[in-house]
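Close look at the chain arrangement
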Amino acid sequence: MKVGVPKEIKADEYRVGLTPGAVREYVAAGHQVMIETNAGAGIGATDDDYRKAGATILTSAVEVFASSEMIVKVKEPQPSEWSQLRESQILFTYLHLAPDPEQAKGLLKSGCTAIAYETVTDAHGGLPLLAPMSEVAGRLAIEAAGSALKRSAGGRGLLIGGVPGVQPARIVVIGGGVVGTHAARMAIGLGAEVTIVDRSIPRLRELDELFEGRVRTRFSTIGSVEEEVFAADVVIGAVLVPGASAPKLVRRGMLGSMRKRAVIVDVAIDQGGCFETSHPTTHADPTYEVDGVIHYCVANMPGAVPLTSSEALNNATLPFGLALANKGFSAVLENPHLRAGLNVHRGRLTYKAVAESLGLPFSPIEQAAA
C-alpha cells in the first residue's frame, strides 16, 4: 500500500505521524511510504533520516494526499487537509469529532474511511492508542499547573510542593483514568496534597492501593465535586467518555466560589472540555482568566514534547497501522478493535457516540460497508 505522512499544520504541533523507525517497519512489510519534506523536523528527524529508512520525500502535502492510499497523521485534519481526502482513502489519526461538527461534515463529504486513534480498543477494553498521549498529557498537566500558579502568570503565587513549614498546593483530579493517574503521580512526586474524584468505586479502590494511601479518593457526586473544587488550588479535568463529548462537571457559577487565581487544567478539551468555561488554547497563548480563575486548555498538550510523544504514539499505533496497510478496509472488518476505531466510512458516521453528540444519523458498520 502507498502510505503518506503530511507535515502537521495545527498550531504549535511538532509531532509526526510516522517516525523513521516506524517507516522502516512499513517498508520492511512491503509498503511504499511517502513523507512530506520536513515533516519530522519537530522531532529532529531530517529528510535524509527518512530516506535512509526507505521513504520517498515529497515536496508538498498536496502531493502526499494525491499519491497515497492511506494517510497517517497525529492531529485531526484541518480544513485544507480534509478537502484533499477522497473516497477509498484511509485516514488514520486522532479525530475527536464529537465537539467538531465542521470536521465531521468535511470528512463525510470526502467519502474517506476515517479511523480514530482515540476509539480503537484492545482485548482488555482499554484505549491503547489514546493511552500513551493520555500518559504524557497527565504528566504535563502538573507542569502546566505549576507554571500557571506563578504570580507572574496570573496565578496564586504558590509552589506546588510547598517548603518545610508551608502548606503545599491542593490539587484535585477529576477522573481516575490514565490521565488522572499520571497527573496524580506527578503531583505526589512534587509534594502536593492530591485528591482524585471518580464515579467508580472499584477504580477508587485500585487508586488507593496504587498510591498506598498517599492520595485522598472521593466518590463523585455534585456535592463532593463542589467541595473539592472550592477548596482546590488546582483542578485537573481528566474525564473521558470514549468518542463522546466530555460532561460539563464544573459550571461557570461554581467559579465564584473557587479560590481566587486558582488554576484549571482541562485535559479533556479535545472532547469539548469538562469545564463549562473551557475553550481551546494553544501553546503560544495557553491560558486565560474567567471570574478570577486561570484556565489552561491547550488542545494538543503532548505536542509540547514531540520527541517523547511521537515515539510513544508510534509504538502504540504501529501494529494497527500495519494491519491497515496490509489488508486495507478488510482489516477493519476482521479486527474488532479497528472496527471500534471506525468513525466515518463513505459519507456515514459509524461511531454511535459521535453521531449522538453531533445530532447526526448513525450507520452501523454493516450498513455503511454494504
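Residues numbered from 1 in each chain as written. Predicted model: local features only at pLDDT ≥ 70, side-chain atom pairs only at ≥ 80, totals over all residues. Heavy atoms only, no water.

**Some points on a nonpolar patch on the surface**
On the surface, a nonpolar cluster with roughly 280 Å² of combined accessible area is contributed by Leu159, Val163 and Val166. Tracing the backbone shows Leu159 in the loop between α6 (131-148) and β7 (170-174). Leu159 sits in the exposed class, given a relative accessible area of 55%. (Patch = residues over 30% accessible without salt bridge, like charges linked within 9 Å, V, L, I, M, F, W, Y side chains within 5 Å. Areas by Shrake-Rupley, 256 points an atom, 1.4 Å probe, with all protein chains shown as cover. Salt bridge = Lys/Arg side-chain N within 4 Å of Asp/Glu carboxyl O. Helix = DSSP H or I, 4+ residues; strand = E, 2+ residues; numbered from the N terminus. Buried < 20%, exposed > 50% of the residue type's maximum accessible area, 1.4 Å probe, protein only.)

**Details of the pairing of strand β12 (residues 287-290)**
Burial along β12 is one-sided: Tyr288 and Val290 are buried, and none of Thr287 and Glu289, which face the opposite way, are. Note: β12 against strand β13 (residues 293-296), four bridges, orientation antiparallel. Across the sheet, Thr287 pairs through a bridge with Tyr296, a residue of β13. Counting the residues in the hairpin turn of β12 and β13 gives two residues, including Asp291, whose phi is positive at 50 degrees. (Pairing = 2+ DSSP bridges.)

**Things to note about the sheet that holds strand β2 (residues 32-36)**
Strand order in this open sheet of eight strands is β3-β2-β1-β4-β5-β6-β14-β15, and the pairing throughout is mixed. In this open sheet, the two edge strands, each paired with only one partner strand, are β3 (56-58) and β15 (348-349). As paired elements, strand β6 (residues 113-116) and strand β14 (residues 342-345) share three bridges and run antiparallel to each other. Bridge pairing links Thr113 to His345 in β14. Docked against the sheet, helix α1 (residues 20-28) engages β1 (2-5), β2 and β4 (70-72), running at close to 150 degrees with respect to β2. (Contact = heavy atoms within 4.5 Å. Axes fitted to C-alpha atoms, helices over the stretch in contact; angles between N-to-C directions.)

**Thoughts on the sheet that holds strand β8 (residues 193-198)**
Pairing is mixed across the open sheet formed by seven strands, whose spatial order is β9-β8-β7-β10-β11-β13-β12. Only two strands of the sheet have a single neighbouring strand rather than two, namely β9 (216-219) and β12. Neighbour-to-neighbour, the strand axes of the sheet open up by a mean angle of 20 degrees, direction not taken into account. In terms of strand pairing, strand β10 (residues 234-237) meets strand β11 (residues 263-266) through four bridges, oriented parallel. Counterpart to Val235 in the pairing with β11 is Ile264. Where α6 meets the sheet, it contacts β7, β10, β11 and β13, and its direction lies at approximately 150 degrees from that of β11. Its contacts with the sheet put helix α7 (residues 178-189) on β7, β8 and β10, and the angle it makes with β8 is roughly 170 degrees.

**Re the pattern of salt bridges**
In the structure shown here, the tally under the stated rule is 19 salt bridges. In this structure, Asp291 engages Arg252 in a salt bridge whose closest nitrogen and oxygen atoms are separated by 3.0 Å. Placement of Asp291 in the loop between β12 and β13 and of Arg252 in helix α10 (residues 252-255) is noted, with a sequence separation of 39 residues between them. Its relative accessible area of 44% is what places Arg252 among the partly exposed residues. Note that Lys327 and Glu334 form a salt bridge whose closest N and O atoms lie 2.9 Å from each other.

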